[in-house]
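The lines below spell out each chain.
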Amino acid sequence: MGLGAFHRAHQAWYTAADPAWGIAAYTFRNTELPQLLTRQGGLFSLLVRDETGDRVETVGSIARAHPGADTRQWLADVASPEVALITLTVTEAGYTVPEPGADSAVSRLVAGLLERFHANAAPITLVPCDNLADNGEVLRAVLRKVCQQPAFAEWVEHEVAIAGTVVDRITPATTERDVRTVQDLTGRWDLTTVVTEPFTEWQIAGTFPRGRPEWERAGAQVVEDIGTYQQRKLWILNAAHSLLAYTGLARGHTTVAEAADDPVLGELTESWWDTAAAYLPVSPAEITDYRRRLRDRFAAPGIRHLLSQIAADGSHKIPVRILPVLHRERARGRLPHSAVAGLAAWLAYLRGSEVRDTRAAELTPLAHTANPAQRVLATIDPALGDDRELLTAIDAELRVLT
Ligand SMILES: NC(=O)c1ccc[n+]([C@@H]2O[C@H](COP(=O)([O-])OP(=O)(O)OC[C@H]3O[C@@H](n4cnc5c(N)ncnc54)[C@H](O)[C@@H]3O)[C@@H](O)[C@H]2O)c1
Ligand SMILES: O=P(O)(O)OC[C@@H](O)[C@@H](O)[C@H](O)[C@H](O)CO
């Protein structure tokens with residue numbers, strides 16, 4: 001569920017390593033992509049790009065692609081006992097309890113599970129692959145709120161397993177230039193092209209009563225506990241992305257590579273990494289290596305990762321990327337400048353004209369008030385709304401920016 005660029009660069013690519021399995025893929029809103037993929041027999045081009053050049057892999061794990069609005073097919077697929085698992089890539093904002101009657105990722109998922117419950121009640125595993133802390137537990141909590149009918153709720157609780165995952169592969173939105181590159185390399189004009197880096201990781205913790213592809217063939221790691229992997233990824237990689245996105249946009253940059261190359265922002269990123277690393281239960285050598293690789297990944301030529309793409313939905317991202325470390329720092333009486341600068345730049349973004357956030361209607365008026373730090377932070381994290389020293393520092397930084 002959710003056939004965006006990342007699903008194709010990551011889960012579809014891992015699944016291709018085990019040809020015994022295939023994917024029935026569902027977009028959320030996009031109707032063109034399933035048509036294109038159907039015309040191509042599900043095949044799409046993965047343009048893998050690094051400093052040594054470009055190569056194209058043709059990925060063949062998508063057996064069928066459907067628009068999400070094809071409800072009849074969706075219900076039939078989720079009800080089919082042949083379907084062993086459902087991956088979700090529906091963005092961080094997709095994991096919310098829907099308003100009654102609203103169409104959302106969760107409402108579609110629950111409708112499918114209800115169909116399966118009535119059809120055969122075969123167990124199934126859900127595999128959320130979005131950048132959330134404890135993505136499996138978040139999804140479980142949402143399902144508990146939505147699945148009210150007692151017998152169904154009982155079945156969901158005991159027969160619907162939910163894996164926890166940490167996913168990593170930098171996959172920017174595809175541009176026409178990428179499509180042209182694929183044409184130059186293969187002769188094919190493929191509008192379903194996805195561009196990505198060679199680096200990829202997937203840690204998974206969970207049970208799969210109906211089996212699963214052997215993703216390990218492509219390097220996935222099945223682990224007991226994803227907690228440390230998750231903190232390392234969200235606090236080091238994703239937090240730096242969000243800091244660079246807001247501070248980079250404020251300084252006139254467009255891509256991650258440009259922002260990371262700005263000496264001021266390079267220093268800010270290193271300072272954040274020093275701060276966050278102190279709370280990670282991993283060895284200094286591992287963190288040093290992780291940081292070294294990230295510097296290279298962020299600087300990768302040809303991966304045009306737009307800051308505006310990363311900046312979207314900060315209200316969902318900041319609480320899992322930056323605030324956990326900030327809380328730990330505040331508990332020790334410390335005020336990390338990198339976090340203050342990042343949050344101030346986020347407020348400046350919320351004051352701008354191109355805000356993309358599912359909570360924009362609520363947050364942008366607050367960002368324009370006389371005490372923006374207090375009003376916005378109190379909304380996303382009430383505990384920070386009382387922290388005078390922090391709020392004063394963020395407001396002061398914001399005044400410099402705007
Ligand atoms: N792109 C990356 O580098 C990357 C890496 C790791 C994890 N991810 C995860 O994958 C997600 C998708 O990234 P992408 O690059 O594929 O983006 P994308 O824009 O290509 O695709 C987004 C997908 O989410 C769906 N979607 C968007 N808003 C939704 C909503 N409110 N409810 C339900 N579905 C919704 C879209 O229809 C689409 O299928 C990210 O939000 C992140 O959690 C991405
Ligand atoms: O995809 P998002 O919107 O959750 O976040 C933007 C980036 O930080 C993210 O996509 C990273 O590139 C990715 O998490 C790397 O694996």
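Residues numbered from 1 in each chain as written. Chains lettered and ligands numbered in written order. Predicted model: local features only at pLDDT ≥ 70, side-chain atom pairs only at ≥ 80, totals over all residues.

- Going by the annotation in an unreviewed UniProt entry, the name recorded for the protein chain is Fructuronate reductase, with Amycolatopsis viridis given as the source organism.
- One UniProt comment on the protein chain, placed under Catalytic activity (unreviewed entry), says "D-mannitol 1-phosphate + NAD(+) = beta-D-fructose 6-phosphate + NADH + H(+)". (UniProt positions renumbered as here; feature names shortened; annotations may be inferred.)

Focus: the site of ligand 2
Then step 1. In the region of ligand 2, the neighbouring residues are Glu92, Asn131, Asp168, Arg169, Ile170, Leu237, Asn238, His241 and Ile310.
Then step 2. A total of three residues in the shell around ligand 2 trace back to one element, the largest contributor, which is helix 9 (residues 227-250).
Then step 3. Across the shell around ligand 2, the residue classes tally to three nonpolar, three polar and three charged.
Then step 4. Lining the shell around ligand 2 are residues from two domains, each supplying at least three of them: domain 1 (5-222) and domain 2 (227-401). (Near = placed C-beta within 6 Å. Helix = DSSP H or I, 4+ residues; strand = E, 2+ residues; numbered from the N terminus. Nonpolar A, V, L, I, M, F, W, Y, C, P; charged D, E, K, R; others polar. Domains from an automatic or database assignment.)

Examining the UniProt feature "domain: Mannitol dehydrogenase C-terminal" (unreviewed entry) in the protein chain
Then step 1. According to UniProt, the "domain: Mannitol dehydrogenase C-terminal" (unreviewed entry) feature falls on residues 225-355.
Then step 2. Split by type, residues 225-355 is 74% helix and 0% strand. Its first and last C-alpha atoms lie 36 Å apart.

What about the site of ligand 1?
Then step 1. As a matter of local geometry, ligand 1 sits amid 24 residues, with Gly4, Phe6, Phe28, Val90 and Asp130 nearest to it.
Then step 2. Counting residues per element, the shell around ligand 1 draws most heavily on helix 1 (residues 5-9), which supplies three residues.
Then step 3. Its residues placed into classes, the shell around ligand 1 shows nine nonpolar, eleven polar and four charged.

Observations concerning the domain arrangement of the protein chain
Then step 1. In terms of domains, the protein chain is made up of domain 1 (5-222) and domain 2 (227-401).
Then step 2. Taken over C-alpha atoms, the centre of domain 1 sits 28 Å from the centre of domain 2.
Then step 3. With 18 residues of domain 1 at the contact, the number on the domain 2 side is 20 residues.
Then step 4. When residues of the side of domain 1 that touches domain 2 are traced back to their parent elements, those giving at least two are strand 2 (44-50) and strand 8 (164-168).
Then step 5. Of the residues belonging to the side of domain 1 that touches domain 2, the class tally is eight nonpolar, four polar and six charged. (Contact = placed C-beta atoms within 7 Å.)

Structural notes on the UniProt feature "domain: Mannitol dehydrogenase N-terminal" (unreviewed entry) in the protein chain
Then step 1. Listed under "domain: Mannitol dehydrogenase N-terminal" (unreviewed entry) in the UniProt record, and renumbered for this structure, are residues 1-216.
Then step 2. Secondary structure over residues 1-216 splits into 35% helix and 22% strand, and the C-alpha atoms at its two ends are 21 Å apart.

Looking at the nonpolar core
Then step 1. The biggest cluster of nonpolar side chains holds 108 residues, and the ones touching the most others in it are Leu46, Ala239, Leu244, Tyr246, Ala344, Leu347 and Ile394.
Then step 2. The element best represented in this core is helix 9, accounting for 13 residues.
Then step 3. Each of domain 1 (5-222) and domain 2 (227-401) accounts for three or more of the residues forming this core.
Then step 4. For Leu244, the contacting residues outside a window of four places in its chain are Val256, Ala259, Ala260, Leu265, Thr269 and Leu307. (Core = buried A, V, L, I, M, F, W, Y, C linked by C-beta atoms within 7 Å. Buried ≥ 20, exposed ≤ 12 C-beta atoms within 10 Å, placed from the backbone.)

What to know about the packing of helix 9 against helix 11 (residues 263-277)
Then step 1. Interaxial distance between helix 9 and helix 11 falls to 10 Å at its minimum, and their mutual angle equals 145 degrees. Relative to helix 11, helix 9 is oriented so that their crossing is right-handed. Seen from helix 9, the contacting residues are Trp235, Ile236, Ala239, Ala240, Leu243, Leu244, Thr247 and Gly248; seen from helix 11, they are Leu265, Leu268, Thr269, Trp272, Trp273 and Ala276.
Then step 2. For the contact of helix 9 with helix 11, the class distribution of residues is eleven nonpolar, three polar and no charged. (Axes fitted to C-alpha atoms, helices over the stretch in contact; angles between N-to-C directions. Left-handed = near helix turned anticlockwise from the far one by under 90°.)

Considerations on the sheet that holds strand 8
Then step 1. Strand order in the open sheet formed by three strands is 8-10-11, and the pairing between neighbours is mixed. Taken across any chain shown, the strands that pair with only one partner, and hence form the sheet edges, are strand 8 and strand 11 (221-222).
Then step 2. As paired strands, strand 8 and strand 10 (residues 201-205) are joined by five bridges and run antiparallel to one another. Counterpart to Val167 in the pairing with strand 10 is Trp202.
Then step 3. Across the sheet, helix 9 is in contact with strand 8 and strand 10; its angle to strand 8 comes to roughly 40 degrees. (Pairing = 2+ DSSP bridges.)

Describing the sheet that holds strand 6 (residues 124-128)
Then step 1. Taken together, three strands build an open sheet; the order of strands is 5-6-7 and the sheet is parallel. Edge positions in the sheet fall to strand 5 (85-88) and strand 7 (160-162), since each has one partner strand and no second. Averaged over neighbouring strand pairs, the angle between their axes works out to 20 degrees when direction is ignored.
Then step 2. Two strands pair when backbone bridges link them, and strand 6 and strand 7 are joined in this way by three bridges, in the parallel orientation.

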